[in-house]
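# A structural walkthrough
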Amino acid sequence: MEKPRDKKDVFELIKENDVKFIRLWFTDIHGMLKGFTLPVEELDNAFNEGMGFDGSSIHGFARIDESDMIAKPDPTTFQLLPWRPIEQSVARMFCDIYEPDGKPYKGDPRYVLKRALKKASRLGYTLYLGPELEFFYFRSSKEPETLDSAGYFDVAMDNTEEVRRETVLSLEQMGINVEYAHHEVAHSQYEIDLRYCEALEMADTVMTYRNVVKEIARKHGIYATFMPKPIYGQNGSGMHVHQSLFEGGKNLFFKSSDKHYLSDLAKQYTAGLLKHVREITLVLNQWVNSYKRLVPGYESPVYICWAMRNRSALVRVPLYKPGKENATRLELRSPDPACNPYLAFAAMLEAGLTGIDKKYKLAEPTETDVYHLSDEDRVAMGLDSLPGSLIEAIEIAEGSKLLRRVLGDHVYDELLMSKRTEWNKYRSRVFPYEIETYLPML
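Residues numbered from 1 in each chain as written. Predicted model: local features only at pLDDT ≥ 70, side-chain atom pairs only at ≥ 80, totals over all residues. Heavy atoms only, no water.

What follows concerns the overall build of the protein. For the protein, the helix and strand inventory stands at 12 helices and 16 strands. For 442 residues, the compact-globule formula gives about 22 Å, and the C-alpha radius of gyration of the protein, at 22 Å, lands near that figure. The burial tally for the protein puts 55% of its 442 residues in the buried class. Within the protein, contacts between residues at least 6 apart in sequence are counted, and of these 70% link residues at least 24 apart. Accessible surface computed for the protein: about 20500 Å², of which carbon and sulfur atoms make up 50%. The positive charge centre, built from 57 side chains, and the negative charge centre, built from 66, are 3 Å apart in the protein. (Helix = DSSP H or I, 4+ residues; strand = E, 2+ residues; numbered from the N terminus. Rg over C-alpha atoms; globule rule 2.2 N^0.38 Å. Buried < 20%, exposed > 50% of the residue type's maximum accessible area, 1.4 Å probe, protein only. Contact = heavy atoms within 4.5 Å. Areas by Shrake-Rupley, 256 points an atom, 1.4 Å probe, with all protein chains shown as cover. Lys, Arg positive; Asp, Glu negative; His and termini not counted. Charge placed at Lys NZ, Arg CZ, Asp CG, Glu CD.)

This is the structure in structure tokens:
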């Protein structure tokens, strides 16, 4: 299906595909998908006037005394939902959120990313992203009961190939390009890689991807989760984000005369990510459980450095292949797939642009396996580490002018308040580990 450009194209597609219902989607500050459904007869009004809803009922949106919000669908995001019936089918569109006076709502995560991308556009840059989202299939949402004992790229013991095949086909029917799918390292863990595209489209795609993976799993009687670390002793799920800046059709990260084939712009952008990553980790890894993944020994990055080949580094630059200049990119390996992609992508971009603006110098790559260095060696090399817990990430974020600048006061304040609430609930709980370890001896 050709991507629509405006509401006229949308109504033509509705007629061609016998669409009866439209789902309007948006996200709260945590990246949880929200939405409501309307019959197609109401769509013209939604385009023209928007659809009102109670913002005080959406996490991180408005207080009850200023709760009226307007959702307006973006016609360029129209897609059929392939798991719904063909006759009287269902489509979806993402919405932008507005205040009743017509101003963009500052608490809308999609607006946060659009604002960041507008800043980049004024500088002549277009951000392209290609995330790799890992996830688990379990028998239910009640406990992490795995479906197989397979490992990385295994085929023989992979029990969910049919589920993933249908998921990939559904994504492609929605115009989402998939590079490949495979079994990951942990038992019952999988990955479906998306082909890179412009950042706003990719944020919408990530939200769609997570929904499609869950819907197709539910159809097959199993449960899909993007929880970062559901199984003790096995790898968690990450969302490695490949990123590059373009100007028109030119990749601004490539330079043929550099020994690493990286432009000064690419080095400054990378240095910006490395310098500011601790400040933005709260939006890249926003849950208590996120920090159970970010520990040494499970292929997750912990130490702040970059490399060409070294996958223990926080930022990896894939090796250049002659004739593939536009594929020059860097890969940030710390985000997890349970983040809010709009906020995460905006924060990464702001860190990179700050590096460019201030002309940060990029240190030499660290090709040593940093997981196996001693603490003394890491100190001698000047390697800092990511926050080790949600509360550490919160406390670092509380002092970040960069994070406040990119998120805006409303989202920044609401996110910090929400995350402190989450941490306080978590730290007051007593867990099985404590009972097993301390009760017999204390």
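Below, the discussion takes up the nonpolar core. Core analysis: the biggest nonpolar cluster contains 99 residues, and Tyr137, Leu245, Phe345 and Leu407 have the highest contact counts within it. Ile14, Leu38, Leu43 and Ala46 belong to the second-largest nonpolar core, a separate cluster that totals 23 residues. (Core = buried A, V, L, I, M, F, W, Y, C linked by side-chain atoms within 4.5 Å.)

Between helix H5 (residues 199–219) and helix H8 (residues 341–357), the shortest axis-to-axis distance is 9 Å and the interhelical angle comes to 145 degrees. Where H5 crosses over H8, the handedness of that crossing is right-handed. Residue-level contacts link Ala199, Leu200, Met202, Ala203, Asp204, Val206, Met207 and Arg210 of H5 to Pro341, Tyr342 and Phe345 of H8. Grouping the constituent residues of the contact of H5 with H8 by class yields 9 nonpolar, no polar and 2 charged. (Axes fitted to C-alpha atoms, helices over the stretch in contact; angles between N-to-C directions. Left-handed = near helix turned anticlockwise from the far one by under 90°. Nonpolar A, V, L, I, M, F, W, Y, C, P; charged D, E, K, R; others polar.)

Side chains three or four residues apart in an α-helix point the same way, a direct result of the helix having 3.6 residues per turn. If you check which residues of helix H10 (residues 390–397) are buried, you get Leu390, Ile391, Ala393, Ile394 and Ala397. When H10 is viewed along its axis, its buried side chains cluster within an angular range of 160 degrees and face the same direction. In the core, the buried residues of H10 are packed alongside helix H6 (264–284), helix H7 (290–293) and helix H11 (401–427). (Arc of directions from axis to C-beta.)

Before going further, it helps to spend a moment on the packing of aromatic side chains. In the structure shown here, the tally under the stated rule is 17 aromatic pairs. Residues Phe136 and Phe138 carry aromatic rings whose centres are separated by 5.5 Å and whose planes lie at 20 degrees to one another, so their mutual orientation is stacked. The same class applies to Phe136 as to Phe138, namely buried. Aromatic pair Tyr433 and Tyr438: ring centres 6.3 Å apart, planes at 90 degrees, arrangement edge-to-face. For Lys275, the ring lying beneath its charged end belongs to Tyr360, and the centroid distance is 5.7 Å. Residue placement shows Lys419 over the ring face of Trp287; its charged tip is 3.8 Å from the ring centre. (Phe/Tyr/Trp six-rings, centres within 6.5 Å; stacked < 30°, edge-to-face > 60°. Lys NZ or Arg CZ within 6 Å of the ring centre and 35° of its normal.)

With respect to the element layout, Arg293 can be found in helix H7. For the buried residue Arg293, which engages in no salt bridge, the nearest side chain bearing the opposite charge is Asp336, 4.8 Å off. Separated by 3.0 Å, the side chain of Arg293 and the backbone oxygen of Arg333 make a polar contact. (Salt bridge = Lys/Arg side-chain N within 4 Å of Asp/Glu carboxyl O. Polar contact = N/O pair within 3.5 Å; in protein donor to acceptor, adjacent residues only side chain to side chain.)

Counted under the stated rule, the structure contains 25 salt bridges. Residue Glu41 is joined to Lys20 by a salt bridge in which the shortest nitrogen-to-oxygen separation is 3.5 Å. With a gap of 21 residues between them, Glu41 in the loop between strand S2 (33–39) and helix H2 (43–48) and Lys20 in strand S1 (residues 19–27) connect regions that are remote in the sequence. On the accessibility criterion, Glu41 (54% relative accessible area) is exposed. Measuring nitrogen to oxygen at the nearest pair gives 2.7 Å for the salt bridge that ties Glu331 to Arg316. A residue pair is termed long-range when its members are at least 10 positions apart, and Glu331 in strand S16 (residues 330–332) and Arg316 in strand S15 (residues 315–316) qualify at 15 residues. Taken as a pair, Glu331 and Arg316 share a single burial class, namely buried.

Moving on: the packing of H10 against H11. It is the contact of H10 with H11, at a shortest axis distance of 10 Å, that shows an interaxial angle of 145 degrees. Note on packing geometry: the crossing formed by H10 with H11 is left-handed. Seen from H10, the contacting residues are Leu390, Ile391, Ile394, Glu395 and Ala397; seen from H11, they are Leu403, Tyr412, Leu416, Lys419, Arg420, Glu422 and Trp423. A class-by-class count of the residues in the contact of H10 with H11 yields 8 nonpolar, no polar and 4 charged.

Now for helix H4 (residues 161–173). With 13 residues, H4 extends 18 Å between its outermost C-alpha atoms, agreeing within 8% with the 18 Å of an ideal straight helix rising 1.5 Å per residue. Considering only its buried residues, H4 is in contact with strand S7 (126–138), strand S8 (178–183), strand S9 (189–194) and H5. One or two residues past the end of H4 sits Gly175, with phi positive at roughly 80 degrees. (Expected span 1.5 Å × (residues − 1).)

With that settled, the discussion passes to the environment of Leu383. Positionally, Leu383 belongs in the loop between helix H9 (375–381) and H10. For the pair Leu383 and Val370, spaced 13 residues apart in sequence, the C-alpha separation works out to 9.1 Å. Not counting residues within four places of it along the chain, the set of residues in contact with Leu383 comprises Ile304, Cys305, Thr366, Val370, Leu373 and Arg378.

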